[in-house]
Amino acid sequence: MALNPQLFQNGMPVPFVNELFVLARDGVDFEVDKIPGCGKLKAKGTIYLSNIRMVFVAAKPVANFYAFDMPLLFVNGEKFNQPIFLCNNISGFVEPVVPESENRALYSTHSFKILFKEGGCGTFVPLFLNLISSVRQYNQQMNSAPAHRVDPLQAVNTPVDEMMRHAYVDPNDPTRIFLQQPTPQSELRRRTYQQSSAERTM
């Protein structure tokens with residue numbers, strides 16, 4: 001986990017070298033605990049999923065919180081929940097990214113929840129679960145010996161092309177799948193178009 005990762009001006013995460021963004025999902029509610037200086041936080045915004053990480057970007061900053069970075073290799077205990085009276089959600093835990101010079105005992109594991117209150121989740125959930133499973137499988141094959149520190153950027157080599165070609169698209173799920181890598185300009189044009197469309201319907 002990393003609090004407030006680097007973003008472009010339009011809110012899209014700045015990618016690492018060889019990072020491939022798979023999808024973006026707008027209109028999710030995100031909950032996370034143990035944020036320094038804030039404790040537990042809730043915000044609405046967009047989840048970006050890549051071959052390395054998930055990044056939540058808040059639509060509006062809450063205190064000093066505007067984004068949250070979750071390396072896929074550090075996520076565990078993920079679960080898809082379908083409560084009868086509440087919205088579908090994914091819950092789980094994410095380990096903190098600890099600098100090599102610091103003591104791991106000083107950092108706490110975060111619990112998180114992604115709530116799908118706007119539209120279905122039949123595209124997002126299978127892609128997320130398949131991708132995180134592939135990342136773990138690839139990491140185990142490449143690192144058969146137990147390691148004390150896992151480098152989250154190792155996930156960059158996970159083969160995701162085949163998984164994306166066979167992804168099921170749920171028409172009720174507003175998730176955007178990236179057939180080619182988004183650029184800050186393309187995301188800015190999309191947001192501008194959405195804003196102008198919303199103004200026309202008012």
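Residues numbered from 1 in each chain as written. Predicted model: local features only at pLDDT ≥ 70, side-chain atom pairs only at ≥ 80, totals over all residues. Heavy atoms only, no water.

The name given to the protein chain in an unreviewed UniProt entry is Arabinogalactan protein, and the organism recorded there is Salix dunnii.

Trainee: Requested: an account of the pattern of salt bridges, with residues and values cited.
Mentor: A complete count under the given rule lists eight salt bridges for this structure. The residue Asp 173 makes a salt bridge to Arg 25 at a minimum N-O spacing of 2.8 Å. Taken as a pair, Asp 173 in the loop between α2 (161-165) and β9 (176-177) and Arg 25 in strand β2 (residues 21-35) lie far apart in primary sequence, 148 residues in all. Look at Asp 173 and you get buried, because its relative accessible area is 6%. Between Lys 117 and Asp 29 there is a salt bridge, with the nearest N and O atoms lying 3.1 Å from each other. On the criterion of sequence distance, the pair formed by Lys 117 in the loop between β8 (110-116) and α1 (124-142) and Asp 29 in strand β2 is long-range, its members being 88 residues apart. Residue Lys 117 is classed as exposed on the basis of its relative accessible area, which comes to 52%. Within this structure, Asp 29, Lys 44, Lys 117 and Glu 118 form a network of salt bridges that share partners. (Salt bridge = Lys/Arg side-chain N within 4 Å of Asp/Glu carboxyl O. Helix = DSSP H or I, 4+ residues; strand = E, 2+ residues; numbered from the N terminus. Buried < 20%, exposed > 50% of the residue type's maximum accessible area, 1.4 Å probe, protein only.)

Trainee: Which residues make up the packing of aromatic side chains, and what values do they have?
Mentor: Applying the stated criterion to the full structure yields seven aromatic pairs. Ring geometry for Phe 56 against Phe 65: centres 6.3 Å apart, planes inclined by 25 degrees, an arrangement best described as stacked. Accessibility expressed as a relative area gives 0% for Phe 56, which makes it buried. Pairing Phe 65 with Phe 68 gives two aromatic rings, centres 6.4 Å apart and planes at 35 degrees, and the pair type is tilted. Just as Phe 65 is buried, Phe 68 falls in that class too. Through successive ring pairs, a cluster of aromatic residues spans Phe 30, Phe 56, Phe 65 and Phe 68. (Phe/Tyr/Trp six-rings, centres within 6.5 Å; stacked < 30°, edge-to-face > 60°.)

Trainee: Can you break down a nonpolar patch on the surface residue by residue, with the values?
Mentor: There is a patch of nonpolar side chains on the surface, built from Ile 84, Phe 85 and Leu 86 and spanning about 470 Å² of accessible area. Examined against the element boundaries, Leu 86 turns out to sit in the loop between β6 (75-81) and β7 (89-94). (Patch = residues over 30% accessible without salt bridge, like charges linked within 9 Å, V, L, I, M, F, W, Y side chains within 5 Å. Areas by Shrake-Rupley, 256 points an atom, 1.4 Å probe, with all protein chains shown as cover.)

Trainee: Let's hear about the environment of Asn 4: which residues, and what values?
Mentor: The residue Asn 4 is located in the loop between β1 (2-3) and β2 in this model. In this structure the C-alpha to C-alpha distance between Asn 4 and Ala 67, which are 63 residues apart in sequence, comes to 4.5 Å. Ignoring anything within four residues of it in the chain, the contact list for Asn 4 reads Asn 64, Phe 65, Tyr 66 and Ala 67. From its side chain, Asn 4 meets the backbone nitrogen of Tyr 66 in a polar contact 2.9 Å long. (Contact = heavy atoms within 4.5 Å. Polar contact = N/O pair within 3.5 Å; in protein donor to acceptor, adjacent residues only side chain to side chain.)

Trainee: For the pairing of strand β3 (residues 39-50), give the residues involved together with the corresponding values.
Mentor: Note: β2 against β3, 10 bridges, orientation antiparallel. Bridging from a neighbouring strand, Ala 24 pairs with Tyr 48 of β3. Linking β2 back to β3 in an antiparallel pair, the connection comprises three residues, with Gly 37 at a positive phi of about 80 degrees. In this structure, β3 lies alongside strand β4 (residues 53-62), joined through five bridges in antiparallel fashion. The residue of β4 that forms the bridge with Leu 49 is Met 54. Adjacent in sequence and paired antiparallel, β3 and β4 are bridged by two residues. (Pairing = 2+ DSSP bridges.)

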